[in-house]
Each structure stands twice: as C-alpha cells, then as structure tokens.
Amino acid sequence: MDNGNTSQTPRKVCIATGTRADWGLLSPIAKALDGRPDTILQVIATNMHLSERYGMTVNEIEADGITVSARVKMDTHNADSDISKVKGMAQCMAGCADALERLAPDVMVILGDRYEMLAVASAAAMMHIPVIHIAGGEISEGAIDDSIRHAITKLSALHLTATEQYRRRVIQLGEEPRRVINTGAIGVYNIVHEKLMTQQELEQSIGFEITDPTLLVTYHPATLDETGSGLRCKAMLDALDRFPQCRIIMTYPNNDAGSQAIIDLITGYADRHKDRVLLVKSLGRLRYLSALRCVRAVVGNSSSGIVEVPSMGIPTVDIGIRQRGRIAAKSVIHCGDSTDEIYRAVSYALSPFGQSLAASASNPYYKPSTLQSITEAIAQTPLHTLRTKRFYDIDQA
C-alpha cells in the first residue's frame, strides 16, 4: 500500500500519552510500531506522566523499552480547579507545538477523550499533521470527556473505533466511512494476549496478600455531576465498609477537577484499614491486568471496568453517571451513587449468580485482530488521503 511519501522512507508516527491509563492501552501499539521497518516511533509524554503526585508514570513508558521523544509539562497542581485545567491545556498546546516542530511527524496518534489530548490534537491539526484517533464515537454522559472525545473526532483524519455502533456514530458526526475502521478495543486485545504475573508474583510486587474475596477499586471524578466528588466517593467507601470480609486494592483517580477530595478520602480510608486495604498511585499495565485475574470484582467508575474487565470473567460494579451511555457486557452492574445502591450492587457482584453471569458473558469490544488492524491502519493508510477532509452527509449512504 502507498505510504503517502514520495520516497519509501519510514513513516514517522508520533503517539501522545497523558496518563497511566492511556499508556496501558497504547503500549502494545507503540511496541508493534517500534518493531516495524516502515515506521519510526515517537512518543510525547505529558500531564500525569510527569507528576510525582501521581507516580511519575513516564518511568513506566521507559520501563517498557520505549524512548520518550518529548516531555511536555503541564502545571495542574490545583486538582480541584477547572481554571487550572484550562491553563494546563494552554501550556500543553504550546509545549506540543514546540515538540511537533522538532519531531516533524507524519501522523499523530491520540487515544480517547482526555482534556490534554484535545490540546495535542489542536496543535497537530493547526500544524497540518494528520491525527489518527483511537476510541472515538463512544459515550460517557457524566463527564466533560464526552464532548472532548467528539471534538477530537472532528480534528482527526482517521478513526479507529472499538465497536461497529461507535463506527456508525463517528460517521454520523460527518466523517467519511472509508476513514472509519472498527478495530475492536485495544485494551481487550491486551488482556487476551498479555503474559500476566502469577498471584504470588503480584503479591510480592505490591506487598499485599490477595485472599478471596478481594475487590479492585478505582473511582474518578464525574466532572458533570452537580454533587461534589467527595460526597460521591464517601458513599462508596461507606458501602465498602459493609464488606469487612473483603480485601481491597485501591488506585488513585485521574487528575480531573475533584480528584483531590477523592485522594484525601481514600488515603484516610486506607490508613484506617491497613489490615485489608492497599492504596497505590498506579499499578501499571501489567500489575493491573494481573490483579484482574486475582480479584472477585471491580468497583468504581473507570472505563476499564466497562471495556476490558468483562474479558476476565469477573463482574464490574459501575457507579453513577460517569460512564453512562457506553455499550456494556452483561457482567457490568450499573448502580446509583448512594451507599445502599452501591452495597446492593457489590452484593450482587459477589453472589454466586453474579459470578456465574460474569464468567459466561461475552465482551462486545472484542475482536481477534485488533492490534494488527490498528498498526496497519496507522502505518499503511496513504498520507495523501488524510491531508484534507470533507463533511460526509449520512443521506449519501
């Protein structure tokens, strides 16, 4: 296939990453591209990756054997301030402009819906670098991420979606069908193909014994929720108190507005329950996926609970509005934000029926050739087809 260059020089592919979560998904893609003779990999790390507070997870990128081509700092020290996020986006856009001028990539790869990725996509689009967007067309009505995701779609030239329904939604947004490919979700592919740690190896790595039942808990701010994230998180912790028999592995939230209130609460909770609760800033991809094989259920409001966890045959308790609108497997138990609602959902997840249902549930995000489909689209789609766009009216179909 035409590489889009006048010569057959390798295509320079730049991947942007801002959090431990998106790098956990992007890492196998980066490794696959790094190993191809027709691509030169570049990586821009920004936002949470460069924060000591959130574990300095840029080190996880380098631990994967990937060179970080540019580090773009964002000053978002005030985690509860929307103004801080906006100023951080401006800083990220300016830093990315400098990085992209130096790196001069042929294409820019962005995953998902984070606010810093909108800044990256804007910089790339303004510098005439085609943006390839992974995981567009999805819905998460409880977070500003929903609008950001669709905005990135309109800034992008090629779209790699996780389901056919999401593919149709991107086309509905005016994107040409030939530019929209249903690849399946890369996170599901990662789970199926990753060589995971044994339970003993994981326990030694995190310094925590995983006895049955253990829960894996991650709770993020729902940025469009009118009720404060602290009150919502406290309701979840009060519900978890009703399961004294459960050990709990709890991870930090992302750094959206409202995260500090959550961090304060979960830190205090872990301090009060040191005998059964482990709080970690970041498990990293391998330990997180390995933990999924050892725990009885996942609790919180992370997209991972919707997309990846069903492939491990365990239930997800999805709390509140943050992920409302996403396609979900039968193993995902949606519940409200109150302590009683969360308690009932966790009880159901731990029940024999909830466990049996999850063990047999199919995952709508799974496709067997996801990694190959994504990397070939990034490496081989002719560049000349990505340099201009036209709006696609659905009545043309």
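Parameters and conventions
- Residues numbered from 1 in each chain as written.
- Predicted model: local features only at pLDDT ≥ 70, side-chain atom pairs only at ≥ 80, totals over all residues.
- Heavy atoms only, no water.
- Pairing = 2+ DSSP bridges.
- Helix = DSSP H or I, 4+ residues; strand = E, 2+ residues; numbered from the N terminus.
- Axes fitted to C-alpha atoms, helices over the stretch in contact; angles between N-to-C directions.
- Parallel < 35°, antiparallel > 145°, perpendicular 65-115°, else oblique.
- Left-handed = near helix turned anticlockwise from the far one by under 90°.
- Contact = heavy atoms within 4.5 Å.
- Nonpolar A, V, L, I, M, F, W, Y, C, P; charged D, E, K, R; others polar.
- Buried < 20%, exposed > 50% of the residue type's maximum accessible area, 1.4 Å probe, protein only.
- Arc of directions from axis to C-beta.
- Core = buried A, V, L, I, M, F, W, Y, C linked by side-chain atoms within 4.5 Å.
- Polar contact = N/O pair within 3.5 Å; in protein donor to acceptor, adjacent residues only side chain to side chain.

Trainee: I'm lost on the sheet that holds strand β9 (residues 247–251) in this one. Help?
Mentor: Strand-to-strand pairing in sheets goes through backbone hydrogen bonds, with the strands running parallel or antiparallel. Taking strand neighbours across the sheet as the criterion, the six strands line up as β10-β9-β8-β11-β12-β13 in an open arrangement whose pairing is parallel. The sheet terminates laterally at β10 (277–280) and β13 (332–335), the two strands that pair on one side only. The average undirected angle you get between the axes of adjacent strands in this sheet is 20°. Note: strand β8 (residues 214–218) against strand β11 (residues 297–300), four bridges, orientation parallel. Looking across to β11, one finds that Leu215 is bridged to Ala297.

Trainee: Help me understand the packing of helix α3 (residues 82–103) against helix α4 (residues 115–126), please; the structure alone is not making it clear to me.
Mentor: Packed helices, taken two at a time, are described by their axes: the angle between them and the distance between them. Viewed as axis vectors pointing N to C, α3 and α4 meet at an angle of 40°, and their least axial separation amounts to 8 Å. By the angle between their directions, the pair α3 and α4 is classed as oblique. The crossing of α3 and α4 is right-handed. Counted together, Lys85, Met89, Cys92, Met93, Cys96, Ala97 and Leu100 of α3 and Tyr115, Glu116, Leu118, Ala119, Val120, Ser122, Ala123 and Ala124 of α4 form the full contact between these two elements. In terms of residue class, the contact of α3 with α4 is made up of twelve nonpolar, one polar and two charged.

Trainee: When you look at helix α14 (residues 352–360) in this model, what are you seeing that I'm missing?
Mentor: Restricting attention to buried positions, one finds in α14 the residues Gly354, Gln355 and Ala358. Along α14, the residues classed as buried sweep out an arc of 95° about the axis, all on the same side. Away from the buried face of α14 by more than 90 degrees, exposed residues Pro352, Phe353, Ala359 and Ser360 are located.

Trainee: Would you explain the nonpolar core in this entry?
Mentor: Judged by nonpolar contacts, the single largest core of 35 residues is most densely connected at Ile29, Leu33, Ile61, Ile134, Leu160, Ile186 and Ile378. A per-element tally of this core places helix α1 (residues 20–34) first, with six residues. The residues contacting Leu33, other than those within four sequence positions of it, are Val13, Ile15, Thr39, Leu41, Thr375, Ile378 and Ala379. One finds Met236, Ile248, Tyr252 and Leu350 within the second-largest nonpolar core, a separate group that totals 32 residues.

Trainee: Which parts of the structure should I look at to understand the sheet that holds strand β5 (residues 131–134)?
Mentor: Strand order across the open sheet formed by seven strands is β3-β2-β1-β4-β5-β6-β7, with parallel pairing between neighbours. In this open sheet, the two edge strands, each paired with only one partner strand, are β3 (70–72) and β7 (180–182). Strand-to-strand twist across the sheet, computed as the mean angle between neighbouring axes with direction ignored, equals 20°. Relative to β7, strand β6 (residues 158–161) runs parallel, the two sharing three bridges. Looking at β7, one finds that His159 is bridged to Val180.

Trainee: Is there a simple way to explain the environment of Asp318 in this structure?
Mentor: Here Asp318 shows up in strand β12 (residues 316–319). Residue classification places Asp318 among the buried positions, given a relative accessible area of 2%. Along the backbone, Asp318 and Ser156 are 162 residues apart, and their C-alpha atoms lie at a distance of 30 Å. Dropping the residues within four chain positions of it, Asp318 is found in contact with Gly300, Asn301, Ile306, Gln323, Val332, Ile333, His334 and Cys335. Here the side chain of Asp318 touches His334 through a polar contact of 2.9 Å, side chain to side chain.

Trainee: Any chance you could explain the packing of α1 against helix α15 (residues 370–380) here in plain terms?
Mentor: At their nearest, the axes of α1 and α15 sit 10 Å apart, and the two run at 55° to each other. When the axes of α1 and α15 are compared, the pair comes out oblique. Regarding α1 and α15, the two cross each other, and that crossing is right-handed. Here Pro28, Ile29, Ala32 and Leu33 of α1 lie close against α15, whose contacting residues are Leu371, Ile374, Thr375, Ile378 and Ala379. By residue class, the composition of the contact of α1 with α15 is eight nonpolar, one polar and no charged.

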